[in-house]
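Chains, contacts and geometry: an overview
As a plain string of letters, each chain reads:
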Amino acid sequence: MAEAHQAVAFQFTVTPEGIDLQLSHQALTEIYLSGLRSWKKKLIRLKNGVITGVYPASPSSWLFVVIAILATMYMRSDPSMGLIAKIQEHLPVSQSLSAQCQTVVSAVLFSTLLWFSLIFTMRMCLKQLLSYHRWMFEQRGKMSNTTKVWVALVRIFSGRQPLLYSYQGSLPNQPVPAVKDTVKRYLESVRPLTTPDEFERMTSLATQFESSLGNRLQWYLKLKALWASNYVSDWWEEYIYLRGRSPIMVNSNYYGMDFLYVTPTPIQAARAGNTLHAFLMYRRKLNREELKPSRVPGTVIPLCAAQCERMFNTTRTPGEETDTVQHWQDSDYVAVYHRGRYFRLRMYSSSRPLSPREIESQLQRILEDPSPPSPGEEKLGALTAGDRIPWAKARKEYFSLGVNKRSLDCIEKAAFFVTLDDDEQGMMGEDPAASLDRYAKSLLHGKCYDRWFDKSFSVVIYKNGKIGLNAEHSWADAPVVAHLWEYVLATDSFQLGYNEEGHCKGEVDASLPRPQRLSWDITPECQEQISQSLAVAQALADDVDFHVFSFRDFGKGMIKKCRISPDAYIQLALQLAYYRDRGMFCLTYEASMTRLFREGRTETVRSCSNESCAFIKALEGGEGVEVCRRLLRHASEKHQNLYKHAMTGAGIDRHLFCLYVVSKHLGVDSPFLKEVLSEPWHLSTSQTPVQQVELFDMVNHPEYISCGGGFGPVSTSRKISSHKYGGQIRQALLDMLQLLCPDQREPSRSDQSQTKKDL
């Protein structure tokens, strides 16, 4: 109870002698320091808001303009062409100022207006420059003169040392493609997947849609594009993510993995201490906008950073019809789950973040806490793993008042969620491949109740020091979370480090209050609902056939030496493997980002094309090497073209999706749109390369690599044996390299074993 008393700033009792008032100086000090920290953050946000608001200019440039105008006037020249005199005539305080003061005030006002006009002009110029995308379609190493001039202008108008959100006001809006172009691209994408009769029927539906209803729907969509920052993103978040009533576990959430061959420390609390402190370091940089704006790799082109805003202090709240994403400006604690119990762990003391060693000490207290879970507490998290409607009803009925509401608020308003897992995971034991499968599966869904799937992300710390991450999908896409995860992994190992015993470095403040155990009053009826949600989630988890493998025979460097795109290479290998496994082609989804535009998220690349099918048929049909090689390169070029069109707003699926939403709002049916949006994706793929290579020393420490992360299947994995398909992928990767570069020697088993032994 000591923690509860410390949390009370004052107590009073009424006695016959009067009121006995007792003040807790420690609590009052904490309140003062917490308020001080909050005001510091407000001032930082205000300062960054000003800097971002005037970008690509700087606040100091205002003074330069004022001095320049005053100096020009001193030289008896009027740069305003009479405007300063007009302003002087209408000054409301002209009677109380001397003529000279009136002139100076008028000049300052004119300078300020001129400064804002210059900022607006520069921003509009930069916006127009960033709308140019022809550079992306030029051959590598053959930059046109137009593009060279464009690059120079982008550098000039981009200013110096931009903050994280500096480019947001200069990013162009995502364009709405023409209906005829989208329909044409769609028909081209389904041609290799349909019979002649099916294709003729689909062409008829598409033509009818294009000539009638399509133009009407397009008009409304263009109107929205003029009004909204992005004509896709808000509807995509609402209808694809938040309105889904099925479990978000497996179906929506995704995971990230630890280093594959290295565990910096086997001590669970110590690894958690560094990891949680690294998250705080990243959040501090995020709040101060000190993170460098993300750019298209190898270019000066910025990417939208809007998704970063809801990274921390965010939760998804269930509703009966639709969920909502709630975000709070700040949170000074994390929610921790261990052995069926929930804790509130403060991450700050006296307005400073806890050191890694202090976090380790606090988490060790949780690990050593012998108290059992209260009735219904252990599997409470299953509510977030099951169907959304039962969770929404349970939340409203059992968690809207009293102690349950306070404890639920504590979890939902936490900076993020932490699970101290009692299992050991990672690539280990006599069967490392199987252990890697179990590790990834654990991160995807765990025990279906030991993660809080509604939080923006949950960090998992295993008993043997391995870590991982599970992220909710509605607020951001995988590259945004991957950027955070890369920073945490690198900071943990290369900046913070551990002492010789494997503990975090630093000292511990012995006066830190213990983590606060959350209390619950869960009724038998609520426990029954928890059990039902757990049954739904467990059935879903059991239905996933999972396989993860590390491919170390070669990497993207070898693929580039063969003068082919690594992304296209992987996509063709996936389709070749699928064809070998199933004897057919399928509708294939690859996620592409549209963050070249303001508030852009993703677009679909329909990877299965006429060209990719021609290559695979030729290879499997025994055609000559030269023929297959030529078709492979042709298929690769086609895929790159599809990907570039998707990135630049000329994709297929988001446009058709938005047209479908408009049709539903208007209450009209479109057989064409209905059929398009009901087509199942049998192969869903996503590739996220390392974004911050500079954080890792891959020359001296090549063992510090991760297996990345992944999503659950878009449909059940029972239709394909994941292990069998994994073997087909591996063989397809090798066969394609042999086709492209026949002189490359495949690594022998002894070579691979020696490499792993050295690591």
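Residue positions within a chain follow its written sequence, with the count starting from 1. With pLDDT at 70 or above as the cut-off, local features in this predicted model cover only qualifying residues; side-chain atom pairs require 80 or more to be listed or tallied, and sums for whole chains, interfaces and linings still use all residues. With hydrogens and water stripped out, all remaining heavy atoms of the structure feed into the side-chain values.

1. As for the overall build of the protein
In DSSP terms, a helix is any run of H or I states spanning at least four residues, a strand is any run of E spanning at least two, and both are numbered starting from the N terminus. Scanning the protein for helices and strands turns up 25 helices and 17 strands. As a reference, a globule follows 2.2 Å times the number of residues to the power 0.38, and the radius of gyration itself is taken over C-alpha atoms. Relative to the globule expectation of 27 Å for 759 residues, the C-alpha radius of gyration of the protein, 30 Å, shows essentially globular dimensions. The principal-axis extent of the C-alpha atoms belonging to the protein is close to 95 × 80 × 60 Å. When accessible area is computed with a 1.4 Å probe and restricted to protein chains, residues below 20% of their type maximum are described as buried, those above 50% as exposed, and intermediate ones as partly exposed. Residues counted as buried form 50% of the 759 residues belonging to the protein. Sequence-distant contacts, at least 24 apart, represent 79% of the contacts inside the protein between residues at least 6 apart. In this tally, Asp and Glu contribute negative charge and Lys and Arg positive charge; neither His nor the terminal groups of the chain are included. Each charge is placed at NZ for Lys, CZ for Arg, CG for Asp and CD for Glu. In the protein, which carries 88 positive and 81 negative side-chain charges, the distance between the mean positions of the two groups comes to 6 Å. In this analysis, two residues are considered to be in contact whenever any of their non-hydrogen atoms come within 4.5 Å of each other.

2. Section: the sheet that holds strand S12 (residues 467-471)
Following DSSP output, two strands are said to pair if at least two bridges run between them. Read across the sheet, eight strands follow the order S13-S7-S6-S10-S11-S12-S3-S17 without closing on themselves; strand pairing throughout is mixed. Every interior strand has two partners, whereas the edge strands, strand S13 (516-517) and strand S17 (709-711), have only one. The strands touched by helix H16 (residues 478-496) within the sheet are strand S3 (254-257), strand S11 (457-461), S12 and S17, with S12 carrying the most contacts at an inclination of about 160°. As a rule, the C-alpha atoms of each element are fitted with a line to give its axis, helices using only the stretch in contact, and angles between N-to-C directions run from 0 to 180 degrees.

3. What to know about the sheet that holds strand S15 (residues 602-606)
What the three strands build is an open sheet, ordered S15-S14-S16; its pairing is mixed. Each edge of the open sheet is held by one strand with a lone partner, namely S15 and strand S16 (683-685). Adjacent strand axes in the sheet meet at a mean angle of 30° when their direction is disregarded. In this sheet, S15 lies alongside strand S14 (residues 588-593) in antiparallel orientation, the contact comprising five bridges. Considered in S15, the bridge of Ala591 is made with Thr604. Of the strands in this sheet, S14 and S15 touch helix H22 (residues 653-666), which is tilted by about 115° from S15.

4. Some thoughts on the nonpolar core
Each nonpolar core is a collection of buried residues, namely Ala, Val, Leu, Ile, Met, Phe, Trp, Tyr and Cys, held together in the definition by side-chain atoms within 4.5 Å. Counting 56 residues, the largest nonpolar core has Phe279, Leu363, Phe416 and Phe457 as the members making the most contacts within it. Of all the elements in the fold, those that place two or more residues in this core are helix H11 (268-287), strand S6 (333-338), strand S7 (341-346), helix H12 (356-368), strand S10 (417-420), S11, S12 and H16. Discounting chain neighbours no more than four positions away, the residues touching Phe416 are Leu276, Phe279, Phe312, Val334, Ala335, Lys455, Phe457 and Val459. Residues Met249, Met257, Ala394 and Ala541 belong to the second largest nonpolar core, which totals 46 residues.

5. Topic: unusual backbone geometry
Backbone geometry follows two general trends: most residues other than glycine have a negative phi, and most peptide bonds adopt the trans configuration. Of the consecutive residues Tyr55 and Pro56, the connecting peptide bond is found in the cis state with omega at 15°. Positionally, Pro56 belongs in the loop between helix H2 (25-53) and helix H3 (59-74). Notably, Arg339 is not glycine yet its phi reads approximately 50°, a positive angle. Take Arg339: its relative accessible area is 48%, and that puts it in the partly exposed class. For Cys448, which is not glycine, the phi dihedral falls at a positive 75°. Looking at the element boundaries, Cys448 is found in the loop between helix H15 (432-445) and S11.

6. Details of the side chain of Arg341
Along the chain, Arg341 turns up in strand S7. Of the residues examined, Arg341 reaches a relative accessible area of 1% and is grouped as buried. A polar contact of 2.8 Å, which involves the side chain of Arg341, links it to the backbone oxygen of Asp369. Here Arg341 is in contact with Val336, Ile366, Asp369, Pro370, Ser371, Pro372, Pro373, Glu377 and Arg517, once residues within four sequence places are set aside. Here a polar contact is taken to be a pair of N or O atoms separated by no more than 3.5 Å, where protein atoms must pair a possible hydrogen donor with a possible acceptor and residues adjacent in sequence count only if both atoms sit in side chains.

7. Structural notes on the UniProt feature "transmembrane region" (unreviewed entry) in the protein
UniProt positions are given in the numbering used here, feature names are shortened, and annotations may be inferred rather than shown by experiment. What UniProt calls "transmembrane region" (unreviewed entry) maps, in this numbering, to residues 50-74 and 104-126. Annotated as residues 50-74, this span is 80% helix and 0% strand, and its ends, taken at the C-alpha atoms, are 30 Å apart. Along residues 104-126 one finds 100% helix and 0% strand; the C-alpha atoms at either end are 32 Å apart.

8. Examining the packing of H3 against helix H5 (residues 99-130)
Put simply, H3 and H5 touch, their axes get as near as 9 Å, and they point 130° apart. By the angle class used here, H3 and H5 are oblique. Helix-helix and strand crossings are classified by hand; for H3 and H5 the assignment is right-handed. The segment H3 lies against H5, with Pro59, Ser61, Trp62, Val65, Val66, Ile69, Leu70 and Met73 engaging Thr103, Ala107, Val108, Phe110, Ser111, Thr112, Leu114 and Trp115. Each residue receives one of three labels: charged for Asp, Glu, Lys and Arg, nonpolar for Ala, Val, Leu, Ile, Met, Phe, Trp, Tyr, Cys and Pro, and polar for the others, Gly being one of them. Residues that form the contact of H3 with H5 fall into these classes: 12 nonpolar, four polar and no charged. Any angle between 65 and 115 degrees counts as roughly perpendicular, while under 35 counts as roughly parallel, over 145 as roughly antiparallel, and the rest as oblique. Here a crossing is called left-handed whenever its near helix is offset anticlockwise from the far helix by less than a right angle, and right-handed whenever the offset is clockwise.

9. Looking at the packing of helix H8 (residues 196-211) against helix H23 (residues 671-678)
Between H8 and H23, whose axes approach to 8 Å, the crossing angle comes to 125°. Between H8 and H23, the angle falls in the class oblique. Across the interface between the two elements, Arg201, Met202, Leu205, Ala206 and Phe209 from H8 touch Pro671, Phe672, Leu673, Glu675 and Val676 from H23. Classifying every residue of the contact of H8 with H23 gives eight nonpolar, no polar and two charged.

10. Examining the packing of aromatic side chains
The relative placement of two aromatic rings is captured by the distance of their centres and the angle of their planes. Stacked, edge-to-face and tilted are the three classes for Phe, Tyr and Trp ring pairs, Trp counted by its six-membered ring, which pair at centre distances within 6.5 Å; planes under 30 degrees apart are stacked, over 60 edge-to-face, the rest tilted. Applying the stated criterion across every chain yields a total of 35 aromatic pairs. On the numbers, 6.2 Å between centres and 75° between planes, the contact of Phe399 with Trp520 is edge-to-face. With a gap of 121 residues between them, Phe399 in the loop between helix H13 (388-398) and helix H14 (402-412) and Trp520 in the loop between S13 and helix H17 (524-542) connect regions that are remote in the sequence. With respect to burial, Phe399 and Trp520 carry one shared label: buried. An aromatic cluster is defined as three or more aromatic residues linked by ring pairs; in this entry it consists of Tyr337, Tyr342, Trp391, Phe399, Phe417, Trp452 and Trp520. Two conditions define a charge located above a ring, namely a distance within 6 Å from the ring centre to NZ of Lys or CZ of Arg, and an angle within 35 degrees of the ring normal. If you follow Arg191 out to its NZ or CZ, it ends over the ring of Phe199, 4.5 Å from the centre.

11. Considering the state of the cysteines
Any pair of cysteine sulfurs within 2.5 Å is marked as a disulfide. Here the structure, examined in full by the defined rule, presents one disulfide. What pairs with Cys562 in a disulfide is Cys741, and their sulfur atoms sit 2.0 Å apart. Of this pair, Cys562 sits in the loop between helix H18 (556-561) and helix H19 (566-582) while Cys741 sits in the loop between helix H24 (722-740) and helix H25 (749-758), and the two are 179 residues apart along the sequence. Each member of the pair, Cys562 as well as Cys741, carries the same accessibility label: buried. Free of any disulfide, Cys308 has its nearest cysteine sulfur in Cys304, 8.5 Å distant. Residue classification places Cys308 among the buried positions, given a relative accessible area of 9%. The thiol of Cys608 is not disulfide-bonded; the next cysteine sulfur, from Cys613, is found 3.6 Å away.

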